[in-house]
Every structure is written in structure tokens, then in C-alpha cells.
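# Coordinate analysis (summary)
Letter by letter, the chains look like this.
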Amino acid sequence: MRATTAATTEHLIRYGGEFTDLVIERADGSWLTAEDGRRILDFTSGQMCATLGHGHPAILDAMQEAAGRVVHLFSGFLSRDVIELARELMAVLPAPLARAIFLSTGGEANEAALRLAKLHTGGHEVLAFSGSWHGLTAGAGSSTYSAGRRGYGPGLPGTMALPAPTPYRCPIRHCRDRCDLACLDVGLALADAQSVGAPAAVIAEPILSVAGVVPLPDGYLARLKAACEDRGMLLILDEAQTGLGRVGTMFAFEHDGVVPDVLTLSKTLGGGLPLSATVTTDAIEADVAEKGFLHYTSHLSDPLPAAVGRAVLRTVLAEDLAARAAELGARLRAGLDELARRHEAIGEVRGRGLLLGVDIVADRDSRTPDAVHGTAVTARCLELGLNVNIVKFPGLGSVLRIAPPLTIAPEEIDLGLEILDRAFADVRG
Ligand SMILES: Cc1ncc(COP(=O)(O)O)c(C=O)c1O
């Protein structure tokens, strides 16, 4: 991957390493077009958000229509789109989830969730997975353990890590491939030992994404919820990437049969526009309202993103995109499994629906992550016209993260697989 020329980026802060040499001019469906005419198949749905694809007419119409009416308001005012989005969301969420607040980003939604949990419980201790990513705002960032901690001063007191249950590389070196939940018991015992008696919440992704696309092992979430109840903690599930159909069900937690006390939605809710939600129960909302819950941002309850959120939700339901994600996910999974048979560098393929991970290893026995190989494969993919993302953190693996739009055509999935196949062959050669 060539670095972008200094001439085009001299006034930009580098927020995540070097930029690529691409300047994207437009995006339609599953495709990006650069200024120099290069076409790139987008297997990451932008920053994992554009599950309807780029430029979906439902989103464009909603933006245009809302822009002609009202874009932004004083936070004390409500618009019909905010009221209706809350109602429509509750119609697809199980009881007792009943009330939402609408914000802009995933980090903000998790800040609100953590503040709700602290005010409700009176505690401040928060557990999160060692491979988590919940955003980089101060509260969410204190519970983000996969990256971004060093060099920015202390995290919040009371934040503690639970071992991320990653069966391919057991965090406590106890089992291999089949998690018996011992890592949860060990993690809770450590947290109990450190507790000063002020528990507030556990925040968790039902499929850890940045940790390498790791679905929680069967039975894990139910045991975690019981552990929360025992300790008087709220269970916050962060469905930034997994919510609204991507993993083959409307929400990932349906797979586990566990309803959280607080749910956060973000990336997929706005389909590419900044919209997030924190959802909780009537009882928790009533309690914190009584205690004077305060949470403001400039773009809280903004009408235009709410109109877009309604369009996203309507489209996911009308086109049954959760079922489509399950169906196309099976096709993608079969193709990736076939690649794993041919390319030794692929240690494991995992995930659900259209959120899949390809773990790149130096050798299949040791399962040592091979970030150099993985990075070379993604760079070659980009040269060949495919955007796949790599997540690589020490101890967690080096994993290609594949999450195309749920509207992608089957032939586009096949094309992406062909490009991946060629990239693996070229890098090995
Ligand atoms: C699971 C999860 N939660 C929260 C966030 C943070 O969202 P944002 O970057 O919109 O603040 C991310 C972003 O990658 C995420 O993957």
C-alpha cells in the first residue's frame, strides 16, 4: 500500500498511521471509486456502518426529505422522527427494553450507558473484555482494552478487564477450541478480589470485533448475566457492529437468549450517518430520572439522523436483511472455508452472518498470529480492488475482518473471494 503523497495530506493529523494513496470520489452500493478511476469492492461497509451499502435510495430520500424540514434543534425540543424512531425500535426489541436516547457515535452511546449504570447502581466499577473496543471517549475508552491506552494518562478508577473468551487462543491457556467458561470464573474472581464494593456494570460486545471477530461461546452470556445479577451490576451490550441484521438475526443477543439491561446501537443504526442509541428499561429510566440523570451533547435527538435511522430500520425489516445476511454469510463462509483449505496462512474462519474473521497465522500448530503476512494480504487485496480490514493486536491475533453490506450481490461476494484467493497466492509466492 503506497502512502498518500505529503502534498495531499500536509494539513491533516494522522489519527491511525499513514493514509492510503486513495482519494475516494464516490461510493455506490458495494463499490468505491477513487479520483484516479480505481474501483474498489468494499468488504468493510465503510467503517462497518453502511450495511445498506453506499448511497442507498432509502437513506438519500430520508436525508433529502428531512433536510427540507428540520436538521437540528435545541436539545429540549423533540421532533416526530425522534419519537417515532424510539417507538419503531422498541417494536423490534424485547421487553423490558423500552426507552432510548439518541446520540451520534458509538463512544457517546456507551458513555450514556455507563453514566446510566453508575447513577442507577450508585457504583462505579465497570468490567469489560480484555479485547474490547467501546470507543475512545474517556469513559468508553477506559473500558476499551484492545488498543489506545498507552500515552494518554490514567483510565477511570474502577475499570477492570475480564479475559476475552477467545477459544482459538484461550486467554488463560486452559482449553483449546471449546470454551468451558473457566475464563469467566477466573475473571470474575479477580474482579471480586479487586472490588471496593461499588459495582456498576459489565459492558460487552456479543461478538468481539476488534478482538478478531470472536462470537461469545455458547452459554457465556447467560452466565455473565447471572453474575451481573448476583453482584448488582447492569449488563450493557454494545451492538455497534452486530445490531440491525448483520449477524443473521436482528440483534446478536437473540442468539444467546439474553436480554441486556442496557443496549447500545451505533454504526449500523445510521447506515453511514452519525446516529447512535442507548436503550434501557422503564424501571432503570424511572430511577435515574428521579435521581436527575443529566446527559447532553450538541447533536442529541437531532431530527435528520433520526429520520435516517427510521429509513435504515424500515429497509432492514422490509427487505428482511437479517435473513439475507444469514444466507449470504453462509455463502461467504463456505468460500472462506475453501480458501482455508488451500492457504496455510489461514488458521481459522469464524463469526456469524456477514461479520466474519479470517485469522492469519505463522503456522497452524502454534497459531502464532502473523501480522506481517496479514498486512501484506490486505495491501495486495487493495491493489487488486478489494477493501478488507485487518485487526492486529498482541495476544489477540491478526485477523482479516470481513463485513460487506447486507445488500451485496452474491456475485460480488464471489468476486471478493476470488480476489482474496489471488492475494493469498501472490503474497505466499
Ligand atoms: C463495538 C464497538 N463499540 C463502540 C465503537 C465506537 O464507536 P465510535 O467510533 O462511533 O465512537 C466501536 C467502533 O469501532 C465498536 O466497534
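Above this note sits the structure.
A short tour of the structure in this document, coming up. From a predicted model like this one, the values you see are computed outputs, not experimental measurements.

This next bit is on the site of the ligand. The ligand sits among T105, G106, G107, N110, W133, H134, G135, E205, D238, A240, Q241 and K267. In the environment of the ligand, an oxygen atom lies 2.8 Å from a nitrogen or oxygen atom belonging to the backbone of G106. A distance of 3.1 Å separates an oxygen atom of the ligand from a polar atom in the side chain of K267. Protein contact buries 81% of the 390 Å² of open area that the ligand shows by itself. Among the elements that take part in the shell around the ligand, helix α5 (residues 106-121) stands out by supplying three residues, more than any other. A per-class count over the shell around the ligand returns two nonpolar, seven polar and three charged.

Time to look at the sheet that holds strand β13 (residues 346-352). Within a sheet, adjacent strands bond to each other through the backbone by hydrogen bonds, running parallel or antiparallel. Taken in spatial order, the four strands of this open sheet run β13-β14-β17-β16, and their pairing is antiparallel. With one partner strand each, in any of the chains shown, β13 and β16 (389-393) form the two edges of the open sheet. Neighbour-to-neighbour, the strand axes of this sheet turn through a mean angle of 25°, independent of strand direction. Two elements, strand β14 (residues 355-360) and strand β17 (residues 397-402), share four bridges in a ladder whose sense is antiparallel. Each bridged residue has a counterpart across the sheet, and for L356 the counterpart in β17 is I402. Where helix α13 (residues 321-342) meets the sheet, its contacts fall on β13, β14 and β17, and the angle it forms with β13 comes to roughly 170°. With respect to the sheet, helix α15 (residues 410-428) is in contact with β13, β14 and β17, its orientation differing from that of β17 by roughly 150°.

To continue, consider the nonpolar core. If you look at the biggest cluster of nonpolar residues, it comprises 89 residues, and the most contacted ones within it are L224 and L336. The greatest single-element share of this core, amounting to eight residues, is contributed by helix α12 (residues 303-318). In this view, L224 contacts F129, L162, L184, V202, A204 and L235; residues no more than four positions away in its chain are not counted. Among the nonpolar cores identified, the runner-up in size contains 13 residues, and A113, A200, I203 and V262 belong to it.

It is worth spelling out the pairing of strand β3 (residues 39-42) at this point. On any regular strand, side chains alternate: one points to one face of the sheet, the next to the other face. Pairing of strand β2 (residues 31-34) with β3 involves three bridges; the strand directions are antiparallel. Looking across to β3, one finds that L32 is bridged to I40. Hairpin remark: β2 followed by β3, antiparallel, with four residues in the connecting loop; positive phi at G37, about 95°. Sheet analysis places β3 next to strand β15 (residues 386-387), joined by two bridges and oriented parallel.

The subject of this paragraph is the pattern of salt bridges. A complete count under the given rule lists 30 salt bridges for this structure. The shortest N-O distance in the salt bridge between E18 and R14 comes to 3.5 Å. Taking relative accessible area as the criterion, E18 reaches 54% and is therefore assigned exposed. For the salt bridge of D81 with R310, the shortest nitrogen-to-oxygen distance reads 2.8 Å. With D81 in helix α4 (residues 80-92) and R310 in helix α12, this residue pair connects regions lying 229 residues apart in the sequence. Overall, the relative accessible area of 8% leaves D81 in the buried class.

Within β13, five of the seven residues are buried, leaving the element largely enclosed by the surrounding structure. For β13 and β14, the ladder comprises six bridges, and the chain directions are antiparallel. Directly across from V349, in β14, lies its bridge partner V358. Once β13 ends, the chain turns through two residues before running back antiparallel as β14, passing G353 with a positive phi of about 55°.

This brings us to the sheet that holds strand β12 (residues 276-281). Read across the open sheet, the seven strands follow the order β4-β12-β11-β10-β7-β5-β6; overall the sheet is mixed. Two strands in the sheet have a free side with no partner beyond their single neighbour: β4 (97-103) and β6 (159-162). Across this sheet, the average inter-strand angle for adjacent strands is 20°, counted without regard to direction. Of the strand pairs in this sheet, strand β11 (residues 262-265) and β12 are connected by four bridges, and their pairing is antiparallel. Among the inter-strand pairings, T264 is bridged to a residue of β12, identified as T278. α5 contacts β4, β5 (125-129), β7 (199-204), β10 (234-238), β11 and β12 of the sheet and is inclined by roughly 25° relative to β12. Of the strands in this sheet, β5 and β6 touch helix α7 (residues 182-194), which is tilted by about 160° from β6.

Thresholds, definitions, all that
- Residues numbered from 1 in each chain as written.
- Predicted model: local features only at pLDDT ≥ 70, side-chain atom pairs only at ≥ 80, totals over all residues.
- Heavy atoms only, no water.
- Near = heavy atom within 4 Å.
- Polar contact = N/O pair within 3.5 Å; in protein donor to acceptor, adjacent residues only side chain to side chain.
- Areas by Shrake-Rupley, 256 points an atom, 1.4 Å probe, with all protein chains shown as cover.
- Helix = DSSP H or I, 4+ residues; strand = E, 2+ residues; numbered from the N terminus.
- Nonpolar A, V, L, I, M, F, W, Y, C, P; charged D, E, K, R; others polar.
- Pairing = 2+ DSSP bridges.
- Axes fitted to C-alpha atoms, helices over the stretch in contact; angles between N-to-C directions.
- Contact = heavy atoms within 4.5 Å.
- Core = buried A, V, L, I, M, F, W, Y, C linked by side-chain atoms within 4.5 Å.
- Buried < 20%, exposed > 50% of the residue type's maximum accessible area, 1.4 Å probe, protein only.
- Salt bridge = Lys/Arg side-chain N within 4 Å of Asp/Glu carboxyl O.

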